[in-house]
Amino acid sequence: MTSQLPAPGVPGLLTGSVPPGLYRLPVTETPEHAAAQAADAGWRTARLHLDGIGDKTAFLDRCAADLGFPGWFGHNWDALADCLTDLSWWRKDGEPHGYLLVAEDWDAFQKAAPEAASVARTILTDAVGYWTGRQTPMAVLLA
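Definitions and limits used
Just so you know, the residues in each chain are numbered from 1, in the order the chain's sequence is written. Given that the model is predicted, a residue must reach a pLDDT of at least 70 before its local features are reported, and side-chain atom pairs must reach 80 or more before they are shown or counted; all residues, however, enter totals for whole chains, interfaces and linings. For side-chain calculations, the full set of non-hydrogen atoms in the structure is used, while hydrogens and water are omitted. Only DSSP runs of H or I with at least four residues qualify as helices, and only runs of E with at least two residues qualify as strands; both kinds are numbered from the N terminus onward. Atoms considered for the radius of gyration are the C-alpha atoms alone. The globule rule reads 2.2 Å times the number of residues to the power 0.38. Under the scheme applied here, a residue whose accessible area is under 20% of the maximum for its type counts as buried, over 50% as exposed, and between as partly exposed, the area being computed with a 1.4 Å probe on protein chains only. The criterion used for residue contact is that any of the two residues' heavy atoms lie within 4.5 Å. Accessibility throughout is a Shrake-Rupley quantity obtained with a 1.4 Å probe, and a residue counts as covered only by protein chains that appear here. When charges are counted, Lys and Arg are positive and Asp and Glu negative, with His and the chain ends excluded. Lys charges are placed at NZ, Arg charges at CZ, Asp charges at CG and Glu charges at CD. Pairing of aromatic rings covers Phe, Tyr and Trp, the last counted by its six-membered ring, and requires centre-to-centre distances within 6.5 Å; plane angles under 30 degrees mean stacked, over 60 mean edge-to-face, and any other angle means tilted. Among the buried residues, those of types Ala, Val, Leu, Ile, Met, Phe, Trp, Tyr and Cys that are joined through side-chain atoms within 4.5 Å form a nonpolar core. Contacts described as polar in this section are N or O atom pairs within 3.5 Å, which, within protein, must combine one atom able to donate a hydrogen with one able to accept it, while residues neighboring in sequence count only if both atoms come from side chains.

**Quick look at the overall build of the chain**
Phase 1: When helices and strands are counted, the chain shows 6 helices and 4 strands.
Phase 2: The helix and strand sequence of the chain, counted from the amino end, reads α-β-α-β-α-α-β-α-α-β.
Phase 3: Relative to a compact globule of 143 residues, whose C-alpha radius of gyration would be 15 Å, the chain shows 14 Å and is just as compact.
Phase 4: In terms of overall dimensions, the chain has a C-alpha envelope of 35 × 30 × 25 Å along the principal axes.
Phase 5: Out of the 143 residues belonging to the chain, those deemed buried represent 48%.
Phase 6: Contacts in the chain between residues far apart in sequence, at least 24 positions, make up 58% of those at least 6 positions apart.
Phase 7: For the chain, the accessible area works out to roughly 6,900 Å², and carbon and sulfur atoms hold 52% of it.
Phase 8: Side-chain charges of the chain comprise 10 positive and 17 negative groups, with the mean position of each set lying 2 Å from the other.

In structure tokens:
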């Protein structure tokens, strides 16, 4: 079970008063606003649109497209983990203050492909853990 993003919400995540993690975006917050706040705070942001995604292949294809993965992305779970722990492809313009991934329509994806969603959640959680304690943290918000 993923916990709700605690108060003070996205601003707390961006300033460090809320630790990086994988959280549910509060219903009072929109993915657009969360991404805009993060970008304004110097975080690299990406929105992963999971509407209509019903299996592993479609999920990995959407990740590649929405996140702008490099050409070496192998369209498998290991390659997803590699891309999320080697973010050199996402640091084109210098070192950001952090990385924020907003996965939209997560519940619909989880309902359509529960096994794929479970594996994806584990990989996302592991990626957040990898970046925890480093100079540039990562957070994932499920919307």
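**Thoughts on the packing of aromatic side chains**
Phase 1: Tallying each qualifying case throughout the model produces 9 aromatic pairs.
Phase 2: For the ring pair F59 and F109, a centre distance of 4.8 Å and an interplane angle of 10 degrees mean the geometry is stacked. A residue pair is termed long-range when its members are at least 10 positions apart, and F59 in helix α3 (residues 56-67) and F109 in helix α5 (residues 106-112) qualify at 50 residues.
Phase 3: With relative accessibility at 1%, the residue F59 sits in the buried group.
Phase 4: Note on W90 and Y99: the rings are 5.3 Å apart at their centroids and 25 degrees apart in plane angle, and the pair reads as stacked. The pair formed by W90 and Y99 is uniform in burial state, with each residue classed as buried.

**Notes on unusual backbone geometry**
Trans is the common state for peptide bonds, and a negative phi is the common state for residues other than glycine.
Phase 1: In this structure, P8 follows A7 across a cis peptide bond, with omega equal to 10 degrees.
Phase 2: Positionally, P8 belongs in the segment before α1 (10-15).
Phase 3: One non-glycine residue, H75, adopts positive backbone phi at about 55 degrees.
Phase 4: Within the element layout of this structure, H75 appears in the loop between α3 and α4 (77-85).
Phase 5: Despite not being glycine, D105 shows a phi value in the positive range, around 60 degrees.
Phase 6: Locating D105 in the fold gives a position in the loop between β3 (98-104) and α5.

**Comments concerning the nonpolar core**
Phase 1: Of all hydrophobic cores here, the largest spans 37 residues; its most connected members are F59, F69, L80, W106 and F109.
Phase 2: Of the residues forming this core, the biggest block, 8 residues, is contributed by helix α6 (residues 114-131).
Phase 3: In contact with W106, not counting residues within four places along its chain, are R24, L50, F59, A117, A120, R121, L124, L142 and A143.
Phase 4: In this structure, L5, L13, V18 and A34 belong to the second largest nonpolar core, which totals 14 residues.

**Digging into the side chain of Q37**
Phase 1: In this structure, Q37 sits in helix α2 (residues 31-40).
Phase 2: Within the structure, Q37 has its side chain in polar contact with the side chain of H33 (distance 2.9 Å).
Phase 3: Ignoring any residue separated from it by four or fewer positions in sequence, one finds Q37 in contact with V10, P11, L14 and E29.

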